[in-house]
Protein chains: 2
Amino acid sequence: MHASLTMKKIAKELGVSVSTVSRALQNHPRIGAQTTEKVQKLARELHYEPNSRAINFKNKKSYNIGVVLPYLTEQYFSIALSGIEETLAGKGYNMVVMQSRNDYERELAAISSLIRHGVDGILVSMASETYNKSHFNDATHKVPIVFFDRVLKHPKYGAVYGDITKAAFDMVQFLITKGHQNIALLNGPNSLQATTEREKGYIDALRYHSLAINQQYIKNLNLTKEDTILKINELLNLATPPEVILAFHDYIALDAMEVCKQRGLKINQDISFVTFSNLSFCSYLDNPPIATVEQFPGELGSQAARLLLEAIEQPETYVPREIVIEPKLIVR
Amino acid sequence: MHASLTMKKIAKELGVSVSTVSRALQNHPRIGAQTTEKVQKLARELHYEPNSRAINFKNKKSYNIGVVLPYLTEQYFSIALSGIEETLAGKGYNMVVMQSRNDYERELAAISSLIRHGVDGILVSMASETYNKSHFNDATHKVPIVFFDRVLKHPKYGAVYGDITKAAFDMVQFLITKGHQNIALLNGPNSLQATTEREKGYIDALRYHSLAINQQYIKNLNLTKEDTILKINELLNLATPPEVILAFHDYIALDAMEVCKQRGLKINQDISFVTFSNLSFCSYLDNPPIATVEQFPGELGSQAARLLLEAIEQPETYVPREIVIEPKLIVR
DNA sequence: CTGTTAGCGCGTTCAG
DNA sequence: CTGAACGCGCTAACAG
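Owing to the predicted nature of the structure, the values given are computational and were not obtained by experimental measurement. (Residues numbered from 1 in each chain as written. Chains lettered and ligands numbered in written order. Predicted model: local features only at pLDDT ≥ 70, side-chain atom pairs only at ≥ 80, totals over all residues. Heavy atoms only, no water.)

Let us now look at the overall build of chain A. A tally of helices and strands in chain A yields 12 helices and 12 strands. Split into buried and exposed, the 332 residues of chain A put 54% on the buried side. Across chain A, every contact between residues at least 6 apart in sequence was considered, and the portion connecting residues at least 24 apart equals 68%. Carbon together with sulfur atoms contributes 51% to the accessible area of chain A, which is approximately 14500 Å² in total. (Helix = DSSP H or I, 4+ residues; strand = E, 2+ residues; numbered from the N terminus. Buried < 20%, exposed > 50% of the residue type's maximum accessible area, 1.4 Å probe, protein only. Contact = heavy atoms within 4.5 Å. Areas by Shrake-Rupley, 256 points an atom, 1.4 Å probe, with all protein chains shown as cover.)

Quick look at the relation of the copies chain B and chain A now. Structural alignment of chain B on chain A gives an RMSD of 0.3 Å, achieved by rotating through 180° and translating 0.2 Å along the axis. Taken together, the rotation and translation relating the two chain copies correspond to the operation of a two-fold axis. Closest approach to the rotation axis within chain B is made by the C-alpha atom of B:V96, at a distance of 2.3 Å. The residues that chain B uses at the interface reappear at the interface of chain A in 98% of cases, marking a shared surface. (Least-squares fit on C-alpha atoms with pLDDT ≥ 70 in both.)

Residues and elements named next belong to chain A. Despite not being glycine, N102 has its phi angle at roughly 60°, a positive value. Mapped onto the elements, N102 comes out in the loop between β2 (94-99) and α6 (104-116). Note on N102: relative accessible area 10%, which makes it buried. Positive phi values are uncommon outside glycine, yet D149 reaches one of about 60°. Relative to the helices and strands, D149 is located in the loop between β4 (145-148) and β5 (158-162). Exposure remark for D149: the relative accessible area of 18% places this residue in the buried category.

For the rest of this paragraph, the subject is the protein's contact with DNA strand C. Taken together, 26 residues form the shell around DNA strand C, and within it A:S19, A:T20, A:R23, A:G32 and B:Y48 come nearest. In DNA strand C, atoms within 4 Å of the protein come 59% from sugar and phosphate. Contact between DNA strand C and A:S19: a base oxygen at 3.2 Å from a side-chain N or O atom of the residue. Here a base oxygen of DNA strand C and a side-chain polar atom of A:R23 are 2.8 Å apart. (Near = heavy atom within 4 Å. Polar contact = N/O pair within 3.5 Å; in protein donor to acceptor, adjacent residues only side chain to side chain.)

A few words now on the side chain of A:S62. Along the chain, A:S62 turns up in the loop between α4 (52-59) and β1 (64-69). Here the side chain of A:S62 touches A:G118 through a polar contact of 2.7 Å, landing on its backbone oxygen. Contact partners of A:S62, with chain neighbours within four places excluded, come to A:N56, A:G118, A:V119, A:D120, B:R53 and B:H117.

Glancing now at the protein's contact with DNA strand D. Around DNA strand D, a shell composed of 27 residues is seen, among which A:M7, A:Y48, B:T20, B:R23 and B:G32 lie nearest. Considering the 4 Å shell around the protein, atoms of DNA strand D inside it are sugar or phosphate in 59% of instances. Between DNA strand D and A:S22, the relevant distance is 3.0 Å, taken from a phosphate oxygen to a side-chain nitrogen or oxygen of the residue. Here a base nitrogen of DNA strand D sits 2.7 Å away from a polar atom, N or O, in the side chain of B:R23. Those elements that provide at least two residues to the surface near DNA strand D are α1 (7-14), α2 (18-25) and α4 of chain A together with α2 (18-25) and α4 (52-59) of chain B. Among the elements that make up the surface near DNA strand D, the one with the highest residue count is α4(A) (4 residues). Partitioning the surface near DNA strand D into residue classes produces 9 nonpolar, 10 polar and 8 charged. (Nonpolar A, V, L, I, M, F, W, Y, C, P; charged D, E, K, R; others polar.)

With that settled, consider a positive patch on the surface. Judged by side-chain charge, A:K8, A:K9, A:K12, B:K58 and B:K60 come together as a positively charged surface patch. Looking at which element gives the most residues to the positive patch, the answer is α1(A), with 3 residues. Taking the relative accessible area as the measure of exposure, B:K58 reaches 68% and is therefore exposed. (Patch = residues over 30% accessible without salt bridge, like charges linked within 9 Å, V, L, I, M, F, W, Y side chains within 5 Å. Salt bridge = Lys/Arg side-chain N within 4 Å of Asp/Glu carboxyl O. Lys, Arg positive; Asp, Glu negative; His and termini not counted. Charge placed at Lys NZ, Arg CZ, Asp CG, Glu CD.)

It is worth spelling out the packing of helix α1 (residues 7-14) of chain B against α2(B) at this point. Residues and elements named next belong to chain B. α2 packs onto α1 with a crossing angle of 105° between their chain directions and a minimal axis gap of 8 Å. With respect to α2, the element α1 is oriented roughly perpendicular. On α2, the residues touching M7, K8, I10 and A11 of α1 are V18, V21, S22 and L25. In terms of residue class, the contact of α1 with α2 is built from 6 nonpolar, 1 polar and 1 charged. (Axes fitted to C-alpha atoms, helices over the stretch in contact; angles between N-to-C directions. Parallel < 35°, antiparallel > 145°, perpendicular 65-115°, else oblique.)

This next bit is on the pairing of strand β1 (residues 64-69) of chain B. Residue and element names in this part refer to chain B. The buried count for β1 comes to 6 of 6 residues, which makes it a mostly enclosed element. Of the two faces of β1, the one holding N64, G66 and V68 and the one holding I65, V67 and L69 are both buried throughout. Tracing the backbone out of β1, into helix α5 (residues 75-90) and back to the parallel element strand β2 (residues 94-99) gives a crossover that is right-handed. Two elements, β1 and strand β3 (residues 121-124), share 4 bridges in a ladder whose sense is parallel. From the neighbouring strand, I65 faces β3, where its bridge partner is G121. (Right-handed = clockwise from strand over helix to strand, strands pointing away. Pairing = 2+ DSSP bridges.)

The next thing to look at is the UniProt feature "domain: HTH lacI-type" (unreviewed entry) in chain A. Sites flagged by UniProt as "domain: HTH lacI-type" (unreviewed entry) map to residues 5-59 of chain A. Between the first and last C-alpha atoms of residues 5-59 of chain A the distance is 21 Å; the span itself is 67% helix and 0% strand. (UniProt positions renumbered as here; feature names shortened; annotations may be inferred.)

Moving on to the interface of chain B and chain A. How big an interface is tends to be stated in terms of accessible area lost as the parts join. Taken together, the contact between chain B and chain A spans 58 residues of the former and 57 residues of the latter. For the pair chain B and chain A, the interface holds 8 salt bridges. B:D120 serves as the salt-bridge partner of A:R53, at 3.3 Å between the closest nitrogen and oxygen. Counted by class, the side of chain B that touches chain A contains 22 nonpolar, 20 polar and 16 charged residues.

See below:
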């Protein structure tokens, strides 16, 4: 770690002014050819690199984007993150990542930390425990915010998400046409917008096919394994247990499957599962969920990043808007 | 996005000097109680927040740490990343993440981008395609570098990694005592230090138990699925195919298992697998690898972060060193 | 073509 | 107790 080499030093060395050095380094046309050459030569020899902190300071930009999401160890989010990184990198931005762990306080702390660290904008996938949303309002006075996947729908914010209602509708319809009638829903927590939408699609499809809605078939989960075990047992204990279960995502399905197996049920025979995420390892299972909804998390992240960059780079013309990514039903 | 609120404005508003505002905001003892109160009150009302870019600039610190790793969608790395994030967050640092995708050029670009963005230090898990290491040398003149997991062993760099030789030795010994003799190794690429170490442990254990080394049982993979399929087929086509296969990591084992199944072999009966990572979803498999090595990636990341913070915060006393995390054999 | 000056926002030293 | 002045490194408007 050398003592930092500044333009000042190379200016003194060459007996020219700092601004001449500055201009020579950026090939300013109004600088003499041999002066420019002389400066660039010495800069190269000394391995001069401009101090990015000074430049950021002057430009009021850091070219850093904050990302706040529940867990980066969840494959779904890590794929989204990968999409974000790719898009940002292409535009010269870097990505600062923080996990909320689905906790409101942590989400709050993450956002304020990012702002204090001087990011140019923030991408957020909301924590499931976030009921009070005022911190987003505070933050957006400082930097633009765009939501992805777990979004807050409000004209003030950009948002990129999948059409969960349609996905749920399509999924249930598919199950009905396959002859299933007793279809249960292991849904997410109430705090997530998608939970309501998923339930709506589920109910709409049943109604559309003139099937009764059984409220006992609808369970909201808090995303802990314990709760999943509790709720799947409640379903299995019903007088008429479901034949198919729509699970919020693959890990919920896996935990529920375990319980079924322990109770002597054969997966995809006595009971089947379908899910709302399409994680790669499911293809390695002997009895994977029979259908799943691909939500294209990478695309989600990428589009959100693009929207945020627009907000940052064209603030005058930018209008917060929502982008909907069509999910795709995949039958295995 | 408001026009930025600076100390200057609140100073003018109150008819005091900027330095008074500065001092009042940090509760400087030599400022009058009511002045301090007055300043802090207005600052609160106006939601004043110090401009971190200015502070970073002055302090020559960004409190940002760069992390470069192959793929953040690989669970192993995302767990490491999670450990890094947690440790850094506790010390007020944020984490800037970039993927090398195992590509040398991308790794190079990532490191130089991070330096240009002004990070205070860099954590690296090397790309498998990185044969030329000079960029690390260049980079470390600007900021400290600490390696984790896929390390470059050199006195100049800090490094945190698992004792792969011992892990491989223990694993093979376990298999031998279980009565296995024909043990093959689906190893990583040659560019990774761990590949050599794993092979050494494997060979040492066989020798220790006076078993012959069969070079045909040792395969190096380039981590593509195609190559895995190729090499497992080569093993299965041998006159005496192996009974057990040590796989570099779980995804390699899964791909290899697929091939075995297609060829009519029963997993854990005709042929068994053991692996060098312990990914959560394996517990959901009907026939998971019979044993695995837990390498504690979160701990690896966390320790590397701690080491790097030491390098950053106590540069005078810091001496680059290596920290070895003992892997643990897990029998299922 | 090049040097001087000013300023970005903040902390700190030096005066008073 | 408080203000003025300076400097961090770089860029750019303003003078020559």
